[in-house]
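A look at the structure
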Amino acid sequence: MAGTNEQRAGLLSGFGAYGLWGLVPLFWPLLKPSGAIEILAHRMVWSLAVVGIALLALRRWAWIGELVRQPKKLGLIAVAAAVITVNWGLYIWSVNNGHVVEASLGYFINPLVTIAMGVLLLGERLRPVQWVAVGTGVAAVLVLAIGYGRPPWISLTLAFSFATYGLVKKKVNMGGLESLSAETAVLFVPALGYLLWLGVQGDATFVSAGAGHAALLAATGVVTAAPLVLFGAAAIRVPLSTLGLLQYLAPVFQFALGILYFHEAMPPERWAGFALVWLALTLLTWDAFRTARRTRTQAARLAASAQPPSERLPHQLPADGSSSPYAARGQ
C-alpha cells in the first residue's frame, strides 16, 4: 500500500510539474509592460531568493563547500547558467510576441535534438527506429521552414539550448534544487546589476507599474522553483519511462494555448510539420518501450539461469518437475 501511495504521489507531482510548465505561457503576458530581459532578470533574482529559503528550511548547505572546491564543476555550472539564460529569455520573448506555437515546437523536437547531440558529441549509436525518428524530425523542420518562409529559429534555439543544458546538467550531476541554486547564484549579480541600471535610467517597471505588478515580478521566483520541486518529487517515485511520457504534457499544453487561447495561425503546412514531429516522437516512444521490455525480459532470464536448481521457482524447473536438468535423460 505504501508503494502504491508513493507512486500515486509521484504521478501527481509529475502532472503538476509538467502541467505548470505547460501553462506558464499564461503568466508571462501578465508582466507587461516589462520587457523580456527585465522579466528574465527578475526571474533570476527572485529564483535565488526562493531556492535560498528552501535550502535554509531543509538545511542543505554542505554541497556548497564541495562545489567551491571543484573548479571544473563550477565552470560547467557557469555554462549551464549561460545556456538556460538564453532558453528562458527567448521563451519569455516568444510568448509575449505571439510565438507560443513555435516555442512549443522547440520542446517537441528537444528529444530529437538530444539524441542527435548524443550521436555527434558522445559517439552514441542509434537503433534503426531512432534513425528513422531523427530523419522524420529533420523532414519536419524542412517542411516548417517552407511554411514559415524561414527556418523555425525560435524552435531550434529553444531545442538546442535546452538539450545543451541537459547535457551539461548530466555532467554536473547535482540535485535539481542544488543545481538551480548554483545557476541562479551565478546569474544573480549580473541580473541585479541590470535591474539597478534600469532603475537609475528610470526604465524599471518594478516600482513605476504599481504594487501588483511588483508582486507579479517577484512571483517569477515561485513560478520557476515550484515545478522543479514537483519534478524532483516525481523523479524519485516514478520510473523514468513514465517521466519521459509526462514530459510531452508541457508542449501539448503550450501548443493548445497557442491555438485556442492566443489564436495563433496554423496553416496546412504547419500542421504537416507538426504531424511529422509527432510521428517522430511516437516512433521514439514505441522504440523506448520495446527496448525497455526486451531489457527486462533478458534480465529476468539471466537472473533465472544464475539461480541454483534447488532455488528455482516451479515454473523455472524442467517439464517433468525434477530439480535436476539431467533428470529427464536419466542422469
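Note: the structure precedes this text.
Residues numbered from 1 in each chain as written. Predicted model: local features only at pLDDT ≥ 70, side-chain atom pairs only at ≥ 80, totals over all residues. Heavy atoms only, no water.

Along its length, the protein carries 14 helices and zero strands. Along the chain direction, N to C, the helices and strands of the protein fall in the order α-α-α-α-α-α-α-α-α-α-α-α-α-α. Expressed as a percentage of its 331 residues, the buried residues of the protein come to 39%. Within the protein, contacts between residues at least 6 apart in sequence are counted, and of these 83% link residues at least 24 apart. In the structure as shown, the protein presents an accessible area of about 17500 Å², 69% of it carried by carbon and sulfur atoms. (Helix = DSSP H or I, 4+ residues; strand = E, 2+ residues; numbered from the N terminus. Buried < 20%, exposed > 50% of the residue type's maximum accessible area, 1.4 Å probe, protein only. Contact = heavy atoms within 4.5 Å. Areas by Shrake-Rupley, 256 points an atom, 1.4 Å probe, with all protein chains shown as cover.)

Ranked by internal contacts, the top residues of the largest apolar core, which has 40 residues, are Trp 28, Leu 31, Ile 39, Tyr 91, Ile 92 and Leu 158. Of all the secondary-structure elements, those providing two or more residues to this core are α2 (36-58), α3 (62-68), α4 (71-96), α5 (100-122), α7 (153-172) and α8 (176-201). When sequence neighbours within four positions are dropped, the list of residues in contact with Ile 39 reads Trp 28, Leu 31, Ser 34, Ile 92, Asn 96 and Leu 217. Core analysis: the next-biggest nonpolar cluster, separate from the first, contains 24 residues, Phe 108, Ile 115, Met 266 and Phe 274 among them. (Core = buried A, V, L, I, M, F, W, Y, C linked by side-chain atoms within 4.5 Å.)

In this section: the packing of aromatic side chains. Going through the model one piece at a time under the given rule, you end up with 16 aromatic pairs. Ring centres 6.0 Å apart and planes at 75° place the aromatic pair Phe 108 and Trp 278 in the edge-to-face group. A residue pair is termed long-range when its members are at least 10 positions apart, and Phe 108 in helix α5 and Trp 278 in helix α14 (residues 268-306) qualify at 170 residues. Chaining the aromatic ring pairs together yields one cluster made of Phe 108, Phe 255, Trp 271, Phe 274 and Trp 278. The lysine or arginine in question, Arg 43, covers the ring of Trp 88, its NZ or CZ lying 4.1 Å from the ring centre. (Phe/Tyr/Trp six-rings, centres within 6.5 Å; stacked < 30°, edge-to-face > 60°. Lys NZ or Arg CZ within 6 Å of the ring centre and 35° of its normal.)

Of the volumes computed, that of the second largest pocket is approximately 190 Å³. If you trace the second largest pocket, you find it lined by Ile 109, Leu 112, Val 113, Ala 116, Val 134, Gly 137, Val 138, Val 141, Leu 156 and Phe 160. For the lining of the second largest pocket, the residue count by class is nine nonpolar, one polar and no charged. (1 Å grid on protein atoms, 1.4 Å probe; cavity = no way out; pocket = protein on both sides within 12 Å on 5 of 7 lines; lining within 4 Å. Points joined across faces, edges and corners; volume = space filled by probe spheres on them. Nonpolar A, V, L, I, M, F, W, Y, C, P; charged D, E, K, R; others polar.)

In this section: the pattern of salt bridges. As enumerated under the stated definition, the model contains three salt bridges in all. For Arg 127, the salt bridge identified is with Asp 287, shortest N-O distance 2.7 Å. Of this pair, Arg 127 sits in the loop between α5 and α6 (128-148) while Asp 287 sits in helix α14, placing them 160 residues apart in sequence. For Arg 127, a relative accessible area of 31% corresponds to the partly exposed category. (Salt bridge = Lys/Arg side-chain N within 4 Å of Asp/Glu carboxyl O.)

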